[in-house]
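Listed below, chain by chain, are the residues.
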Amino acid sequence: MKRENIFYLKYICFTGKSPLGTREDMHRLALEIGAIPQNSVTDKTNFLVVGKQTTCLAHSSKELKAMAMREDGFDINILSTAEFYAFFNEED
């Protein structure tokens, strides 16, 4: 784990299905890079990683909440699982 990565000591939440594994796998991966995994989007959330939605809805409730919070001035970055994996991969 490198302390200079953008996820270090940042709160991260996951939504949707990830090709990288289960939600538990994603939380373990986040911990390995020094992030703080969350089960829901809160005012502490710094990153929301969005995977494939398993319903016909365009956005998950977590994604809609993060988008609304961004409009209200919260600094929440919304990334796809591919974007997250690219950052994680750079640490190797």
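Look a little higher up for the structure.
Everything numeric here is computed off the predicted structure, so don't read it as measured data.

The next thing to look at is the pairing of strand E3 (residues 45–50). Among the 6 residues that make up E3, 6 are buried, leaving the element largely enclosed by the rest of the structure. Across 5 bridges, strand E1 (residues 11–15) lies against E3 in parallel orientation. Residue pairing across strands places Thr 15 opposite Val 50, the latter belonging to E3. The pairing of E3 with strand E4 (residues 77–80) spans 4 bridges and is parallel. Counted as the bridge partner of Phe 47 is Asn 77 from E4.

Reading guide: rules and limits
- Residues numbered from 1 in each chain as written.
- Predicted model: local features only at pLDDT ≥ 70, side-chain atom pairs only at ≥ 80, totals over all residues.
- Heavy atoms only, no water.
- Buried < 20%, exposed > 50% of the residue type's maximum accessible area, 1.4 Å probe, protein only.
- Helix = DSSP H or I, 4+ residues; strand = E, 2+ residues; numbered from the N terminus.
- Pairing = 2+ DSSP bridges.

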